[in-house]
Each structure stands twice: as structure tokens, then as C-alpha cells.
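Close look at the chain arrangement
What follows is each chain in one-letter form.
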Amino acid sequence: MAADTITITGGTPLNGSVRVRGAKNLVTKAMVAALLGETPSTLRDVPKISDVRVVRGLLGAHGVKITDGDEDGELILDPSAVESAHFAEINAHAGSSRIPILFCGPLLHRLGEAFIPDLGGCRIGDRPIDFHLDVLRQFGAIVEKLPSGIRLSAPQRLRGTKVELPYPSVGATEQVLLTAVRAQGTTELRGAAIEPEIMDLINILQKMGAVISVDTDRVIRIEGVDRLEGYTHRALFDRNEAASWAAAALATEGDIFVAGAKQAEMGTFLNVFRKVGGVFEIQDDGIRFRHPGTPLNPVIIETDVHPGFMTDWQQPLVVALTKATGVSIVHETVYEQRFGFVDALIEMGATIQVHRECLGSQACRFGQRNFQHSAVISGPSALRAADIAVPDLRGGFSHVVAALSAEGASRVSNVGIISRGYENFFEKLTALGANFTLEA
Ligand code: EPZ
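Residues numbered from 1 in each chain as written. Predicted model: local features only at pLDDT ≥ 70, side-chain atom pairs only at ≥ 80, totals over all residues. Heavy atoms only, no water.

Named according to an unreviewed UniProt entry, the protein chain is UDP-N-acetylglucosamine 1-carboxyvinyltransferase originating from Mycetocola lacteus. As stated in UniProt under Subcellular location (unreviewed entry), the record for the protein chain gives "Cytoplasm". (UniProt positions renumbered as here; feature names shortened; annotations may be inferred.)

Structure representation (C-alpha cells):
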């Protein structure tokens, strides 16, 4: 069991190089997509993170044979012996992952039934799945709510349908893609999410034999086919991890080269990084992010779906904004409760006020519904050490960065959650010169 509490002594800039591999929010879905193939699939650049281990366990529980390929980070997934899993086994593997919901379409196509335990996910909102269940019903699935979870069945082949999402949900878009590709007839999805991870999943499905178009008005059309083959694919890099290390370089006055990071998928982040005063250099094999050596500038950020500023990017960046000279504003429009992590920053001496108003250029779904979804950050603040408990994945990364940039020694507990999404997290911190000890 990895250590769950670390003591961090702040004040040392993070300098050096880290490598990011396949995106957590793509590789887990790519693994599920392998269920749709009649032949084995090969997925490369898979990071060793617990979210991948969870999906590996869930696929194994359904009879998918998964072996490590010759290349480091290469998985070979053979779905030829797929079978129903007992829900106790699904429960045992699912943990707090939300991925089980995406097994539904592929399992309904292969087995005519699927079961989802009550889902988890980080504490950043109630993380509903109503869009998912509505979509599956529209494809013709029968959805039964049981005390232990949800059972779905497909008495006959699922049929293509017209779907309009009330919000460009990443998960619901993936739900449609993973179900429509093998449905009878065509599916039209309006209001789709078009994040780079979604586009990479579409690349994978096209390799398998799917026919999918993405129009300029975010309408995705899928023509159902009778058979899909396994794919071979190198996963898109993790832009959320890359942005996290970039923010860490700003917050600790450091200089970090992120190998594997690419400009195209990070354009919006790079603009904000530059406006804060950060310096970046795009190289062939990665991006160098460093503190300018002069005071940081305050900025106004409004998170949004792609190509807007990603909600997963704001938590690590807020730590850097506590060091900026002036007042910054972050209006979080994707999740209703994604500022829980600022409590620890305030305890460390940051001046942050959260508000229920929409403090941005657009009114969002959470306006006047008593969700504290806008934050005002005044700086510069000198952070001092504190005892912190990590609340969620991205908030946890932020807490570690705050402790690294604070005066004194902080005890950070529940750090195991960070390994859900950041491969070799402690080894990377060590490589960057961080001063910390793991408590046994
Ligand atoms: C994915 O979550 C990512 N997780 C999240 O990353 C990311 O922040 C999010 O997309 C937005 O980009 C994975 O891919 C595993 P959504 P997902 O469905 O698919 C509402 C991280 O740290 N909604 O786009 O769950 C929902 O409440 C994680 O890596 C419904 O109302 O996000 C939220 O307000 C955090 N009903 C909004 O849509 C539904 O049925 C966006 O959620 C589904 C979603």
C-alpha cells in the first residue's frame, strides 16, 4: 500500500524534466472500446495509474484477457471470451470509478445485458448519470434501478437514434459513441463534447471499422456497422497532467520540461499561462514551462468545454494565482462544487473568496443556485505550512504544490488519491528536487 501521508518542506523551486504518457481520460475509455472488437486490440503509452488498474480489473471480470505488450505501457486486450460478470465482482473492482457506466453499450451489444454498481468519482459535484441513462433508453435499452445499482438489458439489437445533449457532457458523448458504432442504423448526436480525448476515441473507433463524422456545428453522426475489429493505437498525451506541472513551475518559481506535451491540445492553456507571466518553449518532444523571475500577473478565467479553458486546469493554476500581484477571478462553469480545495489554501494564508454569483462573461447553469462556483484570489500571499487532507485528484495535486511553495513543513494526508491520475507522482516530485518524506 503506497504511503498515504507525506511531509513536504516548501521553499524549493521544482526544476527538471517529467514525462507525461497517455491521457487518463482517454486510455480508460479506449480500454472499454476494445470490448467492441471481434479481435484483440493493442493500446500504447498507457500510464501506470490506479484508474487504469480499475478498468483492467473490470474488463478481467468480464472475461477480457489483458496482457502487457513488449513496449513499456503497452496493453494487449483480447475480448474473445467476454462474459457477464457477477455484480459483486464489478463492485469489488469499480471502487470510486465512473467508468463502469461506459461498459453498458459494448456489453449490451455483446451480451444483451449490463450491470452498473452505484458510481463514485471525485467529490466535485454530485456527478449524475441521467444523460447516460436517457441516451441508453433512446437506443432501446431497458434500464432497471436495483438497490445495488442499475441493470440494463437489450431484448433486441440496439437501434440508432437522434440525441441532443442538454450539456456537452464528455461522458455522455462517449456513451453515445461506444453504443452507436454497433447499433442498427445511424445516430445523430447534437450538442456533443469535442475534447481532444473524445476525438482520439473517435480515431480509435474509426481504426476498428466505425463510420463517424464530426461537423462544424458539433453534430456527430455515426453509421452503425455489423462488425468491428481490434485496434492498434498510441494514446494521446495527458494534457491535464502537463498543465498541472506547468502550474507547479509557476507556483514554486521553477522550470519544468514536460516531455510528451504538445502545443495543439494545450493552446488555450498556453495563452493563459503566458498572460499570467509564465514563459513556455515548444520543443519537438515536449514543452518547457518556467517562472519568469518577475511578479506574476492576475487573470480572469472562465472554465468551459473544449476549446475553452478546461475545468481540470484551474485547481493547480489557482495556487500560482495566490502568488500573482493583484486580483484574479475563476468562474467554474462545468462543475458546481470544484473549489473545495481552496479551504486548505486559505488556511495556509491565501486570500481567496468563493461566491455563488457567475463572475464571468457568461451566466452558467449554477448561477443563483447557491453553488459557490466563482473564486476571487488576491495576491501576492506568502503561504505557510499546514496539515492538509487531499479532497480529490486535481485538488490534491494543488495541495501538494501549495505545500511545496509554502514556508515550513506541511503534512499532506490521503495523497494516495493523486496516484489515480498522475503516474509515478512521487518519483516525479523527487526528480524535480522536491523536499518531502513519505510516512510509513
Ligand atoms: C470527464 O468527466 C473527465 N473524467 C473529467 O476529468 C473532466 O473534468 C470532465 O470530463 C469535463 O471535461 C473522465 O473522463 C474520467 P461531464 P465526466 O459528463 O465525463 C454534468 C479529472 O480530474 N452531467 O462532461 O464525468 C456533470 O454533473 C476528471 O480527470 C450531468 O448533469 O464529465 C457536470 O456538471 C474530473 N448528467 C457536467 O455535466 C450526466 O449524466 C460535465 O460532466 C453527465 C454529466
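Around the ligand sit 24 residues, and of these Lys29, Asp130, Ser169, Asp312 and Val334 come closest. Within the side chain of Lys24, a nitrogen or oxygen atom sits 3.0 Å from an oxygen atom of the ligand. At 2.7 Å, a backbone N or O of Val170 approaches an oxygen atom of the ligand. Burial of the ligand by the protein chains amounts to 91% of its free accessible area of 820 Å². Contributing elements (two or more residues each) for the shell around the ligand: α1 (24-33), α5 (130-138), α6 (170-180), α10 (311-321) and α12 (393-404). Taken together, the residues of the shell around the ligand break down into ten nonpolar, five polar and nine charged. Composition of the shell around the ligand by domain shows at least three residues from each of domain 1 (5-20 + 237-438) and domain 2 (24-234). (Near = heavy atom within 4 Å. Polar contact = N/O pair within 3.5 Å; in protein donor to acceptor, adjacent residues only side chain to side chain. Areas by Shrake-Rupley, 256 points an atom, 1.4 Å probe, with all protein chains shown as cover. Helix = DSSP H or I, 4+ residues; strand = E, 2+ residues; numbered from the N terminus. Nonpolar A, V, L, I, M, F, W, Y, C, P; charged D, E, K, R; others polar. Domains from an automatic or database assignment.)

Before going further, it helps to examine the packing of α1 against α6. Packing of α1 against α6 leaves a shortest axis separation of 11 Å and a crossing angle of 20 degrees. When the axis of α1 is compared with that of α6, the two are roughly parallel. Here the hand of the crossing between α1 and α6 comes out right-handed. For the pair α1 and α6, contact is made by Asn25, Lys29, Val32 and Ala33 and by Val170, Glu174 and Leu178, respectively. (Axes fitted to C-alpha atoms, helices over the stretch in contact; angles between N-to-C directions. Parallel < 35°, antiparallel > 145°, perpendicular 65-115°, else oblique. Left-handed = near helix turned anticlockwise from the far one by under 90°. Contact = heavy atoms within 4.5 Å.)

With that settled, the discussion passes to α1. Summarising burial for α1: nine of the ten residues are buried, a large majority. Among all positions of α1, only Lys24, Leu26, Val27, Thr28, Lys29, Ala30, Met31, Val32 and Ala33 are buried. (Buried < 20%, exposed > 50% of the residue type's maximum accessible area, 1.4 Å probe, protein only.)

Mapped onto the elements, Lys24 comes out in helix α1. Residue classification places Lys24 among the buried residues on the basis of a relative accessible area of 9%. Engagement of the side chain of Lys24 in a polar contact is seen with the side chain of Asn25, the distance being 2.8 Å. Those residues in contact with Lys24 that lie beyond four places of it in its chain are Ile49, Asp51, Asp238, Leu393, Arg394, Arg420 and Gly421.

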